[in-house]
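# Survey of secondary and tertiary structure
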Amino acid sequence: MQKGMTITQFLIEKQRDFTSATGDFTALLNGVVVACKRIAGAVNKAGLIGVLGAEDSENVQGEVQKKLDVISNRYMIESLEWGGYLAGMASEEEETCYQIPDQYKKGRYLILFDPLDGSSNLDANISTGTIFSILKAPEGKPNIEDADFLQPGTEQVCAGYCMYGPATVMVLTTGQGVNAFTLDRDVGEFYLTEENIRIPEDTREFAINASNSRFWEPPVKRYIDECLAGTEGPRGENFNMRWVASMVAEIHRILSRGGIFMYPRDTKDPSKPGRLRLMYEANPMSMIIEQAGGASTTGRGRIMEVQPEGLHQRVPVILGSKNEVDRVTSYHNE
Ligand code: AFP
């Protein structure tokens, strides 16, 4: 790894590998980087400038919006709409897709994002993050519509997240491995800090919201019961448990030391086949996890092969260290 490589240098050097590249994709990612720096600043100063707490509004999922959800959504849109590389955007905070205003040029890409995932943790000063997924736009359409975004995760050209934790860290994949960049606040630049991240195939650490255990399906219940039984159970080993309730933080931990994360299908609310959103949570995180050598499934099939039916569709999520994910899948198949 070259010491002191900025994310801009990294993106420009990667662009040189593609002789036909126009620079649009690099410029798009640069727009995401700018938005995430602005969000990081707002999250960092939230208590000082009075933007902690909830808005009076709800988003399309019926969830109370935090002030910082709304601010982060605006920063993403402001930083990306003018660049000429996007045909449209879709956000957790917008009911339908966002059209690029007529005064700006339209481009070849689509972006979906959750501007501030884990925002219910903000008042407690717990890590949050921005998650994004980039797709190609259909060619020759003057205006995009929601249906244009409904492409399976296997079509993603890039996925990433920016974590606002003790350090602000951007994690990216374009389908050639996973790299992490840490923000140096003094300089205002992200620097490459981890190259070609790999997730250990085995783990003894799981993450699940155990308060839902009475609603779990038998394969998940069996897996967790076996972990909890420790050395006296069929696994013959003790397991550790973590639950941050902020997906970006859980995925970042799994990238750094392995683990399995589950928000499975349950019977708590039969209208919801899971809690997490396919298009801007599960798909981008699945691409990152798979690119780092992990696995990602609904329990019944690969998440990235799910044919989306709606922008805000929910999906069961089981992902992380390959051998444990395969074990949970095998319990579903039995
Ligand atoms: P918020 O953005 O509303 O805080 O939700 C975060 C999240 O989508 C995901 O990041 C967590 O893994 C999950 O929800 C936590 O859900 P529980 O509150 O049910 O534990």
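## Comments concerning the overall build of the protein
Counting secondary structure elements, the protein contains eight helices and 17 strands. Taking 334 residues into account, the globule formula puts the C-alpha radius of gyration at 20 Å, and the protein, at 20 Å, falls close to it. The burial tally for the protein puts 56% of its 334 residues in the buried class. Sequence-distant contacts, at least 24 apart, represent 64% of the contacts inside the protein between residues at least 6 apart. When the 34 positive and 46 negative side-chain charges of the protein are each reduced to one mean point, those points stand 3 Å apart.

## So, the packing of helix α5 (residues 218-229) against helix α8 (residues 322-333)
Close contact between α5 and α8 brings their axes to 8 Å; oriented N to C, the two are set at 135°. Looking at the two axes, α5 sits oblique to α8. Judged by the twist between their axes, the crossing of α5 over α8 is right-handed. For the pair formed by α5 and α8, the contact residues are P219, V220, R222, Y223 and E226 on the first element and E324, R327, V328, Y331 and H332 on the second. Within the contact of α5 with α8, the residues separate by chemical class into five nonpolar, one polar and four charged.

## As for the side chain of H312
Locating H312 in the fold gives a position in the loop between β15 (295-297) and β16 (314-315). When its relative accessible area of 17% is taken as the criterion, H312 is described as buried. One polar contact links the side chain of H312 to the main-chain carbonyl oxygen of E95, over a distance of 3.2 Å. Among residues more than four places away in sequence, those in contact with H312 are V60, Q61, S91, E92, E94, E95, R277 and Y280.

## Here we look at α5
Along an α-helix, a turn takes 3.6 residues, which lines up residues three or four apart on a common side. In a regular helix each residue adds 1.5 Å, so twelve residues correspond to 16 Å; α5 covers 16 Å between its end C-alpha atoms and thus fits that length. Within α5, burial applies to P219, V220, Y223, I224, E226 and C227. The arc that holds every buried residue of α5, seen down its axis, measures 155°, which confines them to one face. For α5, the exposed residues set more than 90 degrees away from the buried face come down to P218 and L228. In the core, the buried residues of α5 are packed alongside β11 (205-208), β13 (260-263) and α8. Residue G230 follows α5 closely and has a positive phi angle near 60°.

## Looking at the packing of aromatic side chains
Within the structure shown, the criterion is met by five aromatic pairs. Summarising the aromatic geometry, the rings of W243 and F261 are spaced 5.5 Å apart at their centres and angled 15° between planes, so their arrangement reads as stacked. Remark: F261 occurs in strand β13 and W243 occurs in the loop between β12 (240-241) and α6 (247-257); sequence separation between them is 18 residues. Overall, W243 belongs to the partly exposed group, its relative accessible area being 27%. Site record: aromatic cluster; members linked through ring pairs are W243, F261 and Y263. Here the basic side chain of R38 rests over the ring of Y75, its NZ or CZ set 4.0 Å away from the ring centre. If you follow R222 out to its NZ or CZ, it ends over the ring of Y331, 3.6 Å from the centre.

## Examining the pattern of salt bridges
A side chain of one charge can pair with a side chain of the opposite charge if their charged atoms are brought near each other. Enumeration according to the criterion identifies 23 salt bridges in this entry. For K141, the salt bridge is made with E145, and the minimal N-O distance between the two is 2.9 Å. Residue class for E145 comes out partly exposed when judged on its relative accessible area of 45%. One salt bridge in this structure joins R257 and E205, with 2.9 Å as the shortest N-O distance. With R257 in helix α6 and E205 in strand β11, the pair connects residues that are 52 residues apart, well separated along the chain. In the salt-bridge network here, residues are joined through shared partners; they are R204, R235, E237 and E324.

## Focus on the site of the ligand
Lining the immediate surroundings of the ligand are 15 residues, of which D117, G118, S120, M247 and Y263 lie closest. S120 is positioned with one of its side-chain polar atoms (N or O) 2.5 Å from an oxygen atom of the ligand. Taking N209, its side chain carries an N or O atom lying 2.9 Å from an oxygen atom of the ligand. Alone, the ligand offers 490 Å² of accessible surface; in the complex the protein occludes 86% of this. Here the ligand occupies the second largest pocket. Broken down by secondary-structure element, the contributors of at least two residues to the shell around the ligand are β13 and β14 (276-277).

## Concerning the pairing of strand β5 (residues 109-117)
Two faces belong to every sheet, and in a regular strand the side chains alternate between them. By the criterion of burial, β5 is predominantly enclosed, with nine of the nine residues buried. The pairing of strand β3 (residues 86-91) with β5 spans five bridges and is classified as parallel. Looking at the pairing, A90 lines up with L112 of β5. Note that β5 and strand β6 (residues 128-136) share seven bridges and pair antiparallel. Bridge pairing in β6 links L112 to S133.

Cut-off values and rules
- Residues numbered from 1 in each chain as written.
- Predicted model: local features only at pLDDT ≥ 70, side-chain atom pairs only at ≥ 80, totals over all residues.
- Heavy atoms only, no water.
- Helix = DSSP H or I, 4+ residues; strand = E, 2+ residues; numbered from the N terminus.
- Rg over C-alpha atoms; globule rule 2.2 N^0.38 Å.
- Buried < 20%, exposed > 50% of the residue type's maximum accessible area, 1.4 Å probe, protein only.
- Contact = heavy atoms within 4.5 Å.
- Lys, Arg positive; Asp, Glu negative; His and termini not counted.
- Charge placed at Lys NZ, Arg CZ, Asp CG, Glu CD.
- Axes fitted to C-alpha atoms, helices over the stretch in contact; angles between N-to-C directions.
- Parallel < 35°, antiparallel > 145°, perpendicular 65-115°, else oblique.
- Left-handed = near helix turned anticlockwise from the far one by under 90°.
- Nonpolar A, V, L, I, M, F, W, Y, C, P; charged D, E, K, R; others polar.
- Polar contact = N/O pair within 3.5 Å; in protein donor to acceptor, adjacent residues only side chain to side chain.
- Expected span 1.5 Å × (residues − 1).
- Arc of directions from axis to C-beta.
- Phe/Tyr/Trp six-rings, centres within 6.5 Å; stacked < 30°, edge-to-face > 60°.
- Lys NZ or Arg CZ within 6 Å of the ring centre and 35° of its normal.
- Salt bridge = Lys/Arg side-chain N within 4 Å of Asp/Glu carboxyl O.
- Near = heavy atom within 4 Å.
- Areas by Shrake-Rupley, 256 points an atom, 1.4 Å probe, with all protein chains shown as cover.
- 1 Å grid on protein atoms, 1.4 Å probe; cavity = no way out; pocket = protein on both sides within 12 Å on 5 of 7 lines; lining within 4 Å.
- Sits in = over half its atoms within 2 Å of the grid points.
- Pairing = 2+ DSSP bridges.

Just distances and angles here, no functional claims.
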